[in-house]
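# Structural overview
Listed below, chain by chain, are the residues.
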Amino acid sequence: MAADDETTPLIGERERECEPTKTKSRASLFSRATLILFGGFIISLSFSYTQTPIMYTFHVMVCEEFYKHNPPFEGDGDRCARHEIDSGAAAQIAIMGSATVLCGITNLFVAGWEMRKYGPKKALAIQTFFPAIRVAIQAGALFIGARTGIIIMQLSQLMGVWGGPAGYILILNTIVAEITEPSERTAMFGRLQGTLMLGVALGLMLGGLLAEHIRIDAPFEVAGVSFLVCTAYVLSFIPYIDPKDLSSDNSAAKSKGFFGFLGVLKVLGPQKMRLANGRIVKHYGIIFLALGIFVGVLATGFAPTLIQLYSMTAFGFSSTDNSLLISMNSMVRGLFLMFVFPRIIAFGRHVFKKSDVPDTDSSPESPLPTEPRDIDPMPAAAGEHEEPVKAPKPVAVTQGAGFDLFFLRGSLLVDGIITTSSAFATQGWHIYLVGSLLPLASGSAPAAKGVLTEMVPANRKADALQAMTLVEYSATLSTMGLFGFIFSSFADLGKSYMTFYCNAAVAIVGVAILLFSSFPPLNSEIIAEDAESERLLSDEAAEDANGR
């Protein structure tokens, strides 16, 4: 393809997204989309084997360290059932959790750099290889035991800088955004998240069974082999995308030093745009989308944990009961996102497409411009006479995508309502009912990614997905501290159910913020930092422009 120059018409990046090389998510069994979904399933499965056993391993190693400095246990019962051991194990788990958080945030930026340096395929292989080293170290730490084993276990989280959940999810989402047609992208995001949730649900169950019926280090050994299998699978079956072709704005000036890692967040800021009438304005759709998602995750991210805590305090749920609750929740969520969510998006887009208003400023049959803005002010180049002189039409494949934003707001609202209903539970089975209904409002994350990739130019999709993943990750970390404190405060008053009302209030605030988010106006142009502009052609923009 010839290089862009001053005579290249601004036909928009989105038209290039509609090339026949794109892969539809409804393709055959061995399509690129199916291979990516299966890859996501086995990777999430591998990460989940050790999530439950690792908590118990700290309890065992703290117990070993305790009896090194105290008299041997005498009598019947569990020798580790002591308050000192429980408190020590909780403190060590908290330290490891903090290390996991810091390494996870760093991993997010490292994964973005790896994609631009080596391409998504090799970057994903790196993300699955280093966790194999991590679980091998953790298995050795468990063999050593006591205080030394605890320290090794915690230090093993440093491997998470080069390979972790935040990074592999970002890379998979980026691959999906690159190879999937715009009209199928939101549904594919949902299918991907659904397969990840199914992998988590199965991994949690298998990890617990391996630890209980074989030995405590068995999940770590299985996870190590599984990660190596994932690495081989990624290198063999995940489609290759040249890092030079990655939808990332590599031509933009990059920040230097520490803040260079935060440069991707600029894509979430206000956009300077030139409207069809030539007026220059700032568009705040993306920044309100990011703020709404942050507040939404702040409300919904703690919901599963909150339901577990409340079930234990109010109904005396055991760890087995809660494991069943979370496994059921993850299973229903995965099935919903894989099979129901795509159909909802397809139906909603079909309905919204009917309300789209076509651009009637100029007739398609007219060979000459009919509006002053259609006349190019610059002198025509030799080959320019062959290009259409009127503004290009919106791309048809994105028609009806305004439903994604509508669904995002509605999903967050329904999530808040279902979570609030937990406060009215009077029996244990009510909690199981809420746990099975809550996943039915779980499409906000893939819907947000679908909206985001429609709002930004094609050459900023990778940066936008990385920035939004960082927003979601930050909100997930914040909600643990915020609602953990709120629950503890209400529990001291004997009114822990009040936490659900606070959770719903935050969700309503998130919906209110999202009401201010909208698609860019019809036929508007982003004024880039290098003074060039990229035409945004989207029917959802037409819908917003005509609705205001």
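Provided above is the structure to which this section pertains.
Only a predicted model underlies this, so the values are computations on that prediction, with no experimental measurement involved.

With that out of the way, let us pick up the pattern of salt bridges. Here the structure, examined in full by the defined rule, presents seven salt bridges. The closest approach of N and O atoms between Asp217 and Arg215, which form a salt bridge, is 2.8 Å. Taking the relative accessible area as the measure of exposure, Asp217 reaches 18% and is therefore buried. Note that Arg274 and Glu525 form a salt bridge whose closest N and O atoms lie 3.4 Å from each other. Note that Arg274 is positioned in strand β1 (residues 271-274) and Glu525 in strand β3 (residues 525-527), a separation of 251 residues in sequence. Judged by relative accessible area, which is 9%, Glu525 ranks as buried. A network of salt bridges, in which partner residues are shared, links Arg116, Arg460 and Asp463.

Topologically, Ile126 is positioned in helix α5 (residues 120-144). Residue Ile126 is classed as partly exposed on the basis of its relative accessible area, which comes to 22%. Taking the C-alpha atoms as reference points, Ile126 and Gly163, separated by 37 residues in sequence, lie 6.5 Å from one another. Contact partners of Ile126, with chain neighbours within four places excluded, come to Glu114, Tyr118, Pro131, Trp162 and Gly163.

In terms of nonpolar packing, the biggest core is built from 43 residues, with Ile43 and Leu124 touching the most fellow members. Counting residues per element, the ones that place at least two in this core are α2 (32-48), α4 (83-118), α5, α7 (165-179), α8 (182-213), α9 (218-237) and α16 (461-492). In terms of residues, this core owes the most to one element, α7, which gives nine residues. If sequence neighbours within four positions are ignored, Ile43 has contacts with Leu124, Thr128, Tyr168, Phe227, Cys230 and Val234. Of all hydrophobic cores here, the second largest spans 31 residues; its members include Ala290, Leu405, Phe407 and Leu412.

Calculation notes
- Residues numbered from 1 in each chain as written.
- Predicted model: local features only at pLDDT ≥ 70, side-chain atom pairs only at ≥ 80, totals over all residues.
- Heavy atoms only, no water.
- Salt bridge = Lys/Arg side-chain N within 4 Å of Asp/Glu carboxyl O.
- Buried < 20%, exposed > 50% of the residue type's maximum accessible area, 1.4 Å probe, protein only.
- Helix = DSSP H or I, 4+ residues; strand = E, 2+ residues; numbered from the N terminus.
- Contact = heavy atoms within 4.5 Å.
- Core = buried A, V, L, I, M, F, W, Y, C linked by side-chain atoms within 4.5 Å.

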